[in-house]
Amino acid sequence: MEKFKTLTVVGTQWGDEGKGKMTDYFAQQANIVARFAGGDNAGHVIKFNGQKHKVTIIPSGIFNKDIVNVIGNGCVVNLKSLVNEYNKIKETGLELGELYISDRAHLIFDVHKEIDGLQEEAKGANKIGTTKRGIGPTYQDKVSRIGIRLGELSEPNFKERFYSFMEEKNQYISKIYKSPKIDVDVEYKELMRLFEIIKVNVIDTGEYLYNEIKAGKKVLFEGAQGVMLDIDHGTYPFVTSSNTTANNASTGSGLPNKMISNVMGVVKAYTTRVGAGAIPTEQDNKIGDYIREKGNEYGSNTGRPRRVGWLDCVALKNAIRTSGIDYAFITLLDVLTGLEEIKICTEYELNGKRTSIIPSTNSQYEKCIPIYKTMKGWTEDITGVKTFKELPKAAIEYLKKIEAVCGIEVIGFSVGPDRTQTIIKRNII
Ligand code: GDP
Ligand code: IMO
Ligand code: MG
């Protein structure tokens, strides 16, 4: 990264835009990759040298031995997932980058996962469709100021603290949900075993990142989820429990926001969503099925089929505003090959009026009818394309239309899952 000290990569839709692939690609020119939000609800797939890899809580820079990876204070960490994931990647025989975890990151315990499931069940028809990784209950504890942070585990009175924390959880699950109590001795032992493995990697990551940036190191901030799943700016309540926008790269890493200067929005060439909540452009039909199969649109984390729709520029403009996105990178463009027509939603119609604003409630959002611009499709195989000019005319027109409607520059596009299937239109780093 020559022009900028930091680059932030965020998803602009409902997650699964290909952030992992883009992070891995741009990380080749960075020194550090830092995650700033979410936990192992994320699922980032990366492909290179014919091998597919998946990470959930470990930053996507881990596959490069020269990159330091940081799990920031804005993340929530399940130590079991972290250690299992690390061991699994190590088994590939690749030389991995270093990994640091913030002493201020909150811990996800099994009881949080259980509460996640119980709270979802209790919602009945209104369930969010969470990943059941305990994300919501852990952030609930953080905001309620009762959560346990990694830094606490080395304190002399930690055992007491953990037992009293678990006593409250056991009361909650047994009294409210009539669920059996959890054996705290077993949990404590397992927690301490895992902590022994990672404790040397636990540091004040904010201080570390600040000093490294000041010393001229290049940092890539890797977002998880997407802007439409942001707790404030997404489609509440059908969202995750953290701020997924680029603004959180500062708070979630312990840095001043002026260090977050360069934001790339990852835009899937169409829309997908896992879980509940409205999608105005949803194609619950043959077109949706075609895209789902061609794009292998099944959750990399939970295996659930992703709901599919046309690209939604109203959602994209919301992401551009709330994340300060400087340029867009279009992914999975190859998946649209073979469609006779491709639609782009440019506006919505709500209660008989045109609008480019996303309503604040799901019931109003469900009423939004997309207004489309219909574009010509293409049939040529583009998976081997190496330059923008090689694209079929209709694909070039499609990218230009996105730029025109959203007022954003498309600086590159991706035509397949592999690292090499990445085309840079204008070099920004
Ligand atoms: P993330 O959560 O944003 O990192 O995205 P996921 O990894 O969950 O989902 C994106 C999926 O699309 C992964 O399986 C990637 O390997 C794959 N992928 C990424 N870019 C492309 C692309 O340009 N074309 C195709 N066909 N697949 C892609
Ligand atoms: P990546 O980083 C897609 C969705 C869930 C559910 C909602 C809340 O791979 O893009 P949670 O478990 O976070 O409480 O679930 O958010 N969700 C994601 N959808 N990609 C993700 O991550 C997601 N992380 C959470 O499906 O609708
Ligand atoms: Mg994903």
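Structure's up top.
Residues numbered from 1 in each chain as written. Chains lettered and ligands numbered in written order. Predicted model: local features only at pLDDT ≥ 70, side-chain atom pairs only at ≥ 80, totals over all residues. Heavy atoms only, no water.

Chemist: So, the packing of helix 10 (residues 313-323) against helix 12 (residues 393-406): which residues are in play, and what are the values?
Modeler: As a packed pair, helix 10 and helix 12 sit with axes 10 Å apart at the nearest point and diverge in direction by 60°. As the angle between them shows, helix 10 and helix 12 are arranged oblique. Where helix 10 crosses over helix 12, the two elements pack in a sense that is right-handed. Within the contact between the two elements, helix 10 uses C313, L316, K317 and I320 and helix 12 uses I402, V405 and C406. Among the residues forming the contact of helix 10 with helix 12, the class breakdown is six nonpolar, no polar and one charged. (Axes fitted to C-alpha atoms, helices over the stretch in contact; angles between N-to-C directions. Helix = DSSP H or I, 4+ residues; strand = E, 2+ residues; numbered from the N terminus. Parallel < 35°, antiparallel > 145°, perpendicular 65-115°, else oblique. Left-handed = near helix turned anticlockwise from the far one by under 90°. Contact = heavy atoms within 4.5 Å. Nonpolar A, V, L, I, M, F, W, Y, C, P; charged D, E, K, R; others polar.)

Chemist: If you had to explain the environment of F26 to someone new, which residues and values would you point to?
Modeler: One can find F26 in helix 1 (residues 19-27). F26 sits in the buried class, given a relative accessible area of 1%. A sequence separation of 17 residues divides F26 from V9, and the C-alpha atoms of the two residues are 9.2 Å apart. (Buried < 20%, exposed > 50% of the residue type's maximum accessible area, 1.4 Å probe, protein only.)

Chemist: Pulling in residues and values, what's your account of the site of ligand 2?
Modeler: Ligand 2 sits among 20 residues. The nearest are D16, K19, H44, T131 and T240. For ligand 2, an oxygen atom lies 3.1 Å from a polar atom in the backbone of V274. Between ligand 2 and the protein, one listed contact pairs an oxygen atom with a side-chain N or O atom of R304 at 3.0 Å. Within the complex, 98% of the 550 Å² of free accessible area of ligand 2 lies under protein. Split by residue class, the shell around ligand 2 holds seven nonpolar, 10 polar and three charged. (Near = heavy atom within 4 Å. Polar contact = N/O pair within 3.5 Å; in protein donor to acceptor, adjacent residues only side chain to side chain. Areas by Shrake-Rupley, 256 points an atom, 1.4 Å probe, with all protein chains shown as cover.)

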